[in-house]
Amino acid sequence: MKKTAFITGATSGIGREIAREFAKNSLRLILCGRRQERLDKLQTELSAHTEVHTLNFDVRDKEKVATAVASLPENFQTIDILINNAGNAHGLDPIQTGSIDDWDAMLDINVKGLLYVSNAIIPQMVERNAGHIINIGSTAGKEVYPNGNVYCASKHAVDALNQGMRLDLNAHGIRVGAINPGLVETEFSDVRFKGNTERAEKVYQGYQPLTPKDIAEIAYFIVSRPPHVNVADLMVMCTAQASSTIVKKS
Ligand code: NDP
Ligand code: 8X3
């Protein structure tokens, strides 16, 4: 029977490409995000390959998260794969001048939002003693770079939660792993720099960054391993990148 994957942050970047890659491989999809037009467009595009259901909610709203998951039609209620991907950086400022609103956004979305979604889905995996969770972390969850302070803290929290989930869900045969990408060209920097396109574009100039498709192919590789294989923690950078601060640019 075809597996069903629940993907947060499917309206853009990494999440959208994971949706496309999974659809190409006939996984059934539950696509989540806040931008309904994009959800509708992607549903139309991918329905040629597979069954698609969309859910519109803000991961920060724990009631909406729970209601959305509870609203799934019967044929989408069994979730085999959870991709915890929704998230962003907001700002790039030293700790002494950082914006509290940016800090709230990053911790509420990247950490608490991931927890709310996990809370709505993990119990059914535990009940079935089956499931696969992939948490999208970051190299920012493995090291800290100047001005990255709170974003890095949020991704370090994702790293800790990935480990914690793996420990707690071990008895239930649920696979838990993280993909920790380095620089991937998406709308990430547009969000980080609040629509300052010039600044956002500069992040990816002078070298070849990863593409969302690179990450999507890795995600499909992971979910298509046989049941005894769990890719627990994977870090991937473009060849030009050696660390958060060392990137070989032309
Ligand atoms: P994008 O900005 O392209 O995509 C972010 C996605 O998250 C969108 O689909 C957006 O949907 C969703 N999202 C953001 N906030 C919320 C919210 N409050 N509620 C629900 N959904 C939300 O960025 P990426 O694809 O690059 O980012 C995806 C993940 O990858 C993030 O967790 C990011 O931290 C991580 N990452 C990114 C890297 C990069 O270099 N790009 C590298 C390492 C990790 P919508 O706005 O429609 O709600
Ligand atoms: C995104 C990669 O280096 O911009 O998580 O933090 S980075």
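For the structure itself, look to the data block above.
In this text, all values refer to a predicted model and were calculated from it rather than measured experimentally.

About the cut-offs
- Residues numbered from 1 in each chain as written.
- Chains lettered and ligands numbered in written order.
- Predicted model: local features only at pLDDT ≥ 70, side-chain atom pairs only at ≥ 80, totals over all residues.
- Heavy atoms only, no water.
- Near = heavy atom within 4 Å.
- Polar contact = N/O pair within 3.5 Å; in protein donor to acceptor, adjacent residues only side chain to side chain.
- Areas by Shrake-Rupley, 256 points an atom, 1.4 Å probe, with all protein chains shown as cover.
- Nonpolar A, V, L, I, M, F, W, Y, C, P; charged D, E, K, R; others polar.
- Pairing = 2+ DSSP bridges.
- Helix = DSSP H or I, 4+ residues; strand = E, 2+ residues; numbered from the N terminus.
- Right-handed = clockwise from strand over helix to strand, strands pointing away.
- Axes fitted to C-alpha atoms, helices over the stretch in contact; angles between N-to-C directions.
- Contact = heavy atoms within 4.5 Å.
- Buried < 20%, exposed > 50% of the residue type's maximum accessible area, 1.4 Å probe, protein only.
- Lys, Arg positive; Asp, Glu negative; His and termini not counted.
- Salt bridge = Lys/Arg side-chain N within 4 Å of Asp/Glu carboxyl O.
- Core = buried A, V, L, I, M, F, W, Y, C linked by side-chain atoms within 4.5 Å.
- Parallel < 35°, antiparallel > 145°, perpendicular 65-115°, else oblique.
- Left-handed = near helix turned anticlockwise from the far one by under 90°.

**Topic: the site of ligand 2**
Alright, step 1. In the neighbourhood of ligand 2, the contacting residues comprise S138, A140, Y145, Y151, G182, F188 and R192.
Alright, step 2. One nitrogen or oxygen atom from the side chain of S138 is found 2.6 Å from an oxygen atom belonging to ligand 2.
Alright, step 3. Out of a free accessible area of 240 Å², ligand 2 has 88% covered by protein chains.
Alright, step 4. Taken together, the residues that form the shell around ligand 2 break down as 4 nonpolar, 2 polar and 1 charged.

**Section: the pairing of strand 3 (residues 52-56)**
Each regular strand carries side chains that alternate between the two faces of the sheet.
Alright, step 1. Inspection of the sheet shows strand 2 (residues 28-33) paired to strand 3 by 5 bridges, in the parallel sense. Following the sheet pairing, I30 is matched in strand 3 by H53.
Alright, step 2. The parallel pair strand 2 and strand 3, bridged by helix 2 (residues 36-46), forms a crossover whose chirality is right-handed.

**What to know about the sheet that holds strand 6 (residues 175-181)**
Alright, step 1. If you trace the 7 strands from one edge of the open sheet to the other, you get 3-2-1-4-5-6-7, paired in parallel fashion. Looking at strand neighbours, the two that pair on one side only are strand 3 and strand 7 (233-236), the edges of this open sheet. The sheet shows a mean angle of 15 degrees between the axes of neighbouring strands, taken without regard to direction.
Alright, step 2. Summarising the sheet, strand 1 (residues 4-7) and strand 4 (residues 81-84) pair through 3 bridges and their orientation is parallel. If you follow F6 over to strand 4, its bridge partner there is L82.
Alright, step 3. Of the strands in this sheet, strand 1, strand 2, strand 4, strand 5 (132-136) and strand 6 touch helix 1 (residues 13-24), which is tilted by about 170 degrees from strand 1.
Alright, step 4. This element, helix 5 (residues 149-169), spans strand 4, strand 5, strand 6 and strand 7 of the sheet and lies at about 165 degrees to strand 5.

**With respect to the side chain of R175**
Alright, step 1. With respect to the helices and strands, R175 occurs in strand 6.
Alright, step 2. Buried charged residue R175 carries no salt bridge. Nearest counter-charge: D80, at 9.3 Å.

**Describing the nonpolar core**
Alright, step 1. One finds I7, I18, F22, L29 and L31 to be the most contacted residues of the largest nonpolar core, which totals 33 residues.
Alright, step 2. Looking at this core, the elements with two or more residues in it are strand 1, helix 1, strand 2, helix 2, strand 4, strand 5 and helix 8 (212-223).
Alright, step 3. Among residues more than four places away in sequence, those in contact with L31 are I7, A10, A19, L39, L42, L46, V52, H53, T54 and L55.
Alright, step 4. One finds F6, I30, V65 and L114 within the second-largest nonpolar core, a separate group that totals 27 residues.

**Comments concerning the site of ligand 1**
Alright, step 1. Inspection of the region around ligand 1 gives 31 residues, with T11, S12, R34, Y151 and T186 positioned closest.
Alright, step 2. Between ligand 1 and T11 there is a distance of 2.7 Å, counted from an oxygen atom to a side-chain nitrogen or oxygen.
Alright, step 3. In this structure, an oxygen atom belonging to ligand 1 sits 3.5 Å away from a main-chain N or O atom of G87.
Alright, step 4. Protein contact buries 97% of the 880 Å² of open area that ligand 1 shows by itself.
Alright, step 5. Counting only elements with at least two residues in the shell around ligand 1, the list comes to helix 1, helix 5 and helix 6 (188-192).
Alright, step 6. Of the residues in the shell around ligand 1, the class split is 13 nonpolar, 12 polar and 6 charged.

**Topic: the packing of helix 1 against helix 2**
Alright, step 1. Remark: helix 1 packs on helix 2, axes separated minimally by 11 Å, with the N-to-C direction vectors making an angle of 20 degrees. The angle between the axes of helix 1 and helix 2 places the two elements in the roughly parallel class. Read as a crossing pair, helix 1 and helix 2 show a hand that is right-handed. Packed against helix 1, whose contacting residues are R16, A19, R20 and A23, the element helix 2 presents R38, L42, E45 and L46 at the interface.
Alright, step 2. Residues of the contact of helix 1 with helix 2, tallied by class, amount to 4 nonpolar, no polar and 4 charged.

**Things to note about the environment of A216**
Alright, step 1. Along the chain, the position of A216 falls in helix 8.
Alright, step 2. Considering only alpha carbons, one finds A216 and N149, 67 residues apart in sequence, at a separation of 27 Å.

**Details of the side chain of Q124**
Alright, step 1. Here Q124 shows up in helix 4 (residues 100-128).
Alright, step 2. Of the residues examined, Q124 reaches a relative accessible area of 18% and is grouped as buried.
Alright, step 3. Polar side-chain contacts of Q124 include one of 2.8 Å to the backbone oxygen of Q77.
Alright, step 4. Polar contacts involving the side chain of Q124 include one to the main-chain amide nitrogen of I79, which spans 2.9 Å.
Alright, step 5. Contact partners of Q124, with chain neighbours within four places excluded, come to Q77, T78 and I79.

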